[in-house]
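# Tertiary structure, described
Spelled out from the first residue to the last, the chains are:
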Amino acid sequence: MKYILMMNTPERGPYSIFNWPKRDFEAHIAYWNSLNKELERLGELVAVEGLTSPDQAKLIRAGKDGTPVTDGVFPESKEFLAGYWIVDVESPERAYEIAARASAAPGPGGTALNMAIEVRQVMARRPDETP
Amino acid sequence: MTPGFLDTRSELLLRELAPQVLGAVVRRFSDFAAAEDAVQEALIAASLRWPRDGVPDYPRAWLIQVASRRMLDYLRSETARRLRETAAAMEVENLAPAADLESTTQQDDTVVLLFMCCHPALTPPSAIVLTLRAVGGLTTAEIANAFLVPESTMAQRISRAKQSIKASGAPFRMPDATERTARLVSVLHVLYLIFNEGYSSSIGPDLQRSDLANEAIRLARAVHQLFPDDCEVAGLLALMLLTDARRLARVGQEGELVPLDKQDRTLWNEKAISEGVALISQTLSRGSVGSYQLQAAIAAIHDEADRVEDTDWHQIMALYSLLKRISDNPMVTLNHAVAAAMVHGPATGLKLLEALDADARMAGHYRLDAVRAHLFEMAGDHLSAIAHYRAAAHRTTNIPERDYLTMQAARLAS
């Protein structure tokens, strides 16, 4: 079963890795790399993507003639998606376990960030009919 | 080299030979994981060279030779590595007697491989991918495509499964008679899971080579040939044929699910139905009834009704009662309730469903709501039906199923 693990930006302010000391930033990135490698080695990784910072985000709606109407940029903190994993695992518990690992990524000073990771099951695109 | 494509016949030949070649190479060199890689390389070599040079006179021997050469190369480099590391000498050429190039045991090899791949040390998902690769001869890319995961992810899964085999220390030989019976149960379960996976994915007319339902049927046929007297093997093959016969009718033009009672029965595959019916009739007359046989018998009764109203629900209900006695599966209770509703009316079916409310395995499962909705609709209680259709749509993790259930609720609500 596939799950998407959505990492939301920490509650206060945008995901501010850009201002971290070098060592903390490196430890943070190394943590992601090793988690991703491990998921790949276990045959569980379907996709992983990081998104550009939330202060670049825009909201789009169709205008009357169908042309895009843009709202944003949002300089202040709103809850935004920083990145996501799609994993293919054998149980929901395993998806939660991976989410907890992602949540515990180290922040400034090496302290775990404990970010909220939203876990949602990805719906199958195929009919599921047991004979 | 002129790139070419294998014709369908050579492709089928390659896949039939794949497990035999692997069996011969594993028997000679013992190292399953490395042998499997070597055989994959030999298969790739064949698919590149045969279109250009023609299929060799002894294709099996050709493949064994190419794979063995790869194995020797690998062992030489391994030996060199070990020599460097431990300075211990190792005589590669004397490792094992030469692979018997045209032995009479190729069929046994396929079974031994199946038993190995469906080893109880492996989880079912691992056993499935390994069986498809080692016995089915599918490439990693094809298996990845069938399970909708990236190729690198699937490669890792296969490699982990091979490591588990290695770690389990399972020897490459036929298990003794008692163990064989137990292992055959795992083999059938794995084939059944492959079939279900494939049956769900085969939408539309463009059937692919990596079509898992076809692959499961092909493998079940092979197992049936090897164990012609085993009733459950025959039952599983019949069940697959009788279910797969409805494949074209079960999905509509827009990819939506078409339930059994709404299917255009002229689209059913008559040839598969008559083969399945003949097989299950012969098997049932031999005694020793098991769950695959009963499921096949039920599928046969559905398939034999030209119109939905001709369905013999009395027989289906009786078969589900038998199935309930030998299998502790809540889905069986669910289907039994539907059959009972068709015979005695929806109130009887709804009453039978109550037993499932206390079953933790069914808690929150959309199928219980979906069946209740259906039975409430039969009873004319549309409000309850709508509520249960919606609850089921909310709970399913499957998009076509969700769409179908939502449509049912909307139809009754309008």
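Residues numbered from 1 in each chain as written. Chains lettered and ligands numbered in written order. Predicted model: local features only at pLDDT ≥ 70, side-chain atom pairs only at ≥ 80, totals over all residues. Heavy atoms only, no water.

### Overview of the overall build of chain B
Within chain B, the secondary structure is distributed over 18 helices and zero strands. The proportion of buried residues among the 414 residues of chain B is 51%. Carbon and sulfur atoms provide 54% of the accessible area of chain B, an area that totals close to 19700 Å². (Helix = DSSP H or I, 4+ residues; strand = E, 2+ residues; numbered from the N terminus. Buried < 20%, exposed > 50% of the residue type's maximum accessible area, 1.4 Å probe, protein only. Areas by Shrake-Rupley, 256 points an atom, 1.4 Å probe, with all protein chains shown as cover.)

### Structural notes on the overall build of chain A
The secondary structure content of chain A amounts to two helices and six strands. Element order for chain A, N to C, with α for helix and β for strand: β-α-β-β-β-β-α-β. Burial analysis of chain A (131 residues in total) assigns 37% to the buried set. When contacts within chain A are restricted to residue pairs at least 6 apart in sequence, long-range pairs at least 24 apart make up 70% of them. (Contact = heavy atoms within 4.5 Å.)

### Section: the interface of chain A and chain B
Counting from both sides, the interface comprises 21 residues of chain A and, opposite them, 35 residues of chain B. Roughly 2500 Å² is buried in total at the junction of chain A and chain B, and carbon and sulfur atoms are behind 48% of that figure. Where chain A meets chain B, there are one salt bridge. The salt bridge involving Arg157 of chain B is made with Asp88 of chain A; its shortest N-O contact spans 3.2 Å. Linking chain A to chain B there are seven residue pairs in polar contact (both at pLDDT 80 or more). Those elements giving two or more residues to the side of chain A that touches chain B turn out to be helix H1 (22-41) and strand S2 (45-50) of chain A. By residue class, the composition of the side of chain A that touches chain B is eight nonpolar, three polar and 10 charged. (Buried area = accessible area lost by both parts, 1.4 Å probe. Salt bridge = Lys/Arg side-chain N within 4 Å of Asp/Glu carboxyl O. Polar contact = N/O pair within 3.5 Å; in protein donor to acceptor, adjacent residues only side chain to side chain. Nonpolar A, V, L, I, M, F, W, Y, C, P; charged D, E, K, R; others polar.)

### Focus: the packing of aromatic side chains
Scanning all chains against the criterion turns up five aromatic pairs over all chains. Ring geometry for Tyr31 of chain A and Trp32 of chain A: centres 6.0 Å apart, planes at 70°, overall edge-to-face. For Tyr31 of chain A, a relative accessible area of 22% translates into the label partly exposed. Taking relative accessible area as the criterion, Trp32 of chain A reaches 12% and is therefore assigned buried. When the ring of Phe115 of chain B is compared with that of Phe227 of chain B, the centres are 6.4 Å apart and the planes differ by 45°; the resulting orientation is tilted. (Phe/Tyr/Trp six-rings, centres within 6.5 Å; stacked < 30°, edge-to-face > 60°.)

### Here's the deal with the sheet that holds S2 of chain A
All names here are of chain A. Pairing is antiparallel across the open sheet formed by four strands, whose spatial order is S2-S5-S1-S6. Only two strands of the sheet have a single neighbouring strand rather than two, namely S2 and strand S6 (117-121). Direction aside, neighbouring strands of the sheet carry axes that sit 15° apart on average. Direction of pairing for strand S1 (residues 2-8) relative to S6: antiparallel, over a ladder of five bridges. Paired with Leu5 across the two strands is Val119, which belongs to S6. Sheet strands touched by helix H2 (residues 92-103): S1, strand S5 (81-88) and S6. Its angle to S6, the strand with the most contacts, is close to 155°. (Pairing = 2+ DSSP bridges. Axes fitted to C-alpha atoms, helices over the stretch in contact; angles between N-to-C directions.)

### What about helix H15 (residues 346-357) of chain B?
Residue and element names in this part refer to chain B. Taking 1.5 Å of rise per residue, the 12 residues of H15 would be expected to cover 16 Å, and the 17 Å separating its terminal C-alpha atoms lies within 8% of that figure. When we look at burial in H15, the residues that qualify are Pro346, Gly349, Leu350, Leu353 and Leu356. End-on view of H15: buried residues confined to an arc of 95°, all on one side of the axis. Opposite the buried face of H15, at more than 90 degrees from it, the exposed residues are Ala347, Lys351 and Ala355. The inward-facing, buried residues of H15 abut helix H14 (330-344) and helix H16 (366-378). (Expected span 1.5 Å × (residues − 1). Arc of directions from axis to C-beta.)

### Structural notes on the packing of H16 of chain B against helix H18 (residues 399-413) of chain B
Residue and element names in this part refer to chain B. Contact geometry of H16 with H18 gives a least axis separation of 12 Å together with a crossing angle of 30°. On the basis of the axis angle, H16 is roughly parallel to H18. The handedness of the crossing between H16 and H18 is left-handed. Residues Tyr366, Ala370 and Glu377 of H16 touch H18, and the partners they reach there are Glu401, Leu405, Arg411 and Leu412. When its residues are assigned to classes, the contact of H16 with H18 shows four nonpolar, no polar and three charged. (Parallel < 35°, antiparallel > 145°, perpendicular 65-115°, else oblique. Left-handed = near helix turned anticlockwise from the far one by under 90°.)

### Focus on the pattern of salt bridges
Residues and elements named next belong to chain B. Throughout the structure, instances matching the rule amount to 29 salt bridges over all chains. Close ionic contact of Glu354 with Lys351 constitutes a salt bridge, the shortest N to O distance being 3.4 Å. Linking Glu354 with Lys351, this pair stays in helix H15, spanning three residues, or about one helical turn. For Glu354, a relative accessible area of 45% gives the class partly exposed.

### Focus: the side chain of Arg372 of chain B
Residues and elements named next belong to chain B. Tracing the backbone shows Arg372 in helix H16. At a separation of 3.0 Å, a polar atom in the side chain of Arg372 contacts the side chain of Asp357. Residues contacting Arg372, with those up to four places away along its chain left out, are Leu350, Leu353, Glu354, Asp357 and His388.

### Description of the confidence of the model for chain B
All names here are of chain B. The share of residues in chain B with pLDDT of 70 or more is 90%, and the mean pLDDT across the chain is 85. Here residues 87-104 is modelled with pLDDT under 50, and outside its nearest four sequence neighbours on either side it reaches 31 contacts, counting other chains as well. Every residue in residues 202-210 scores below 50 in pLDDT, and together they form 15 contacts with partners more than four places removed in sequence or on other chains. Here the predicted complex scores 0.79 on pTM and 0.74 on ipTM. (pLDDT = per-residue confidence, 0-100.)

### Notes on the environment of Arg307 of chain B
Residue and element names in this part refer to chain B. Within the secondary structure, Arg307 is located in the loop between helix H12 (291-304) and helix H13 (313-326). A residue is classified by how much of its surface remains accessible, and Arg307, at 46% relative accessible area, is partly exposed. Separated by 41 residues in sequence, Arg307 and Thr266 place their C-alpha atoms 9.8 Å apart.

### Quick word on the side chain of Gln293 of chain B
Residues and elements named next belong to chain B. Structurally, Gln293 is set in helix H12. Judged by relative accessible area, Gln293 falls into the buried class, the value being 0%. Among all residues touching Gln293, those that are not within four sequence positions of it are Cys231, Glu232, Gly235, Ile280, Thr283, Leu284, Gly287 and Ser288.

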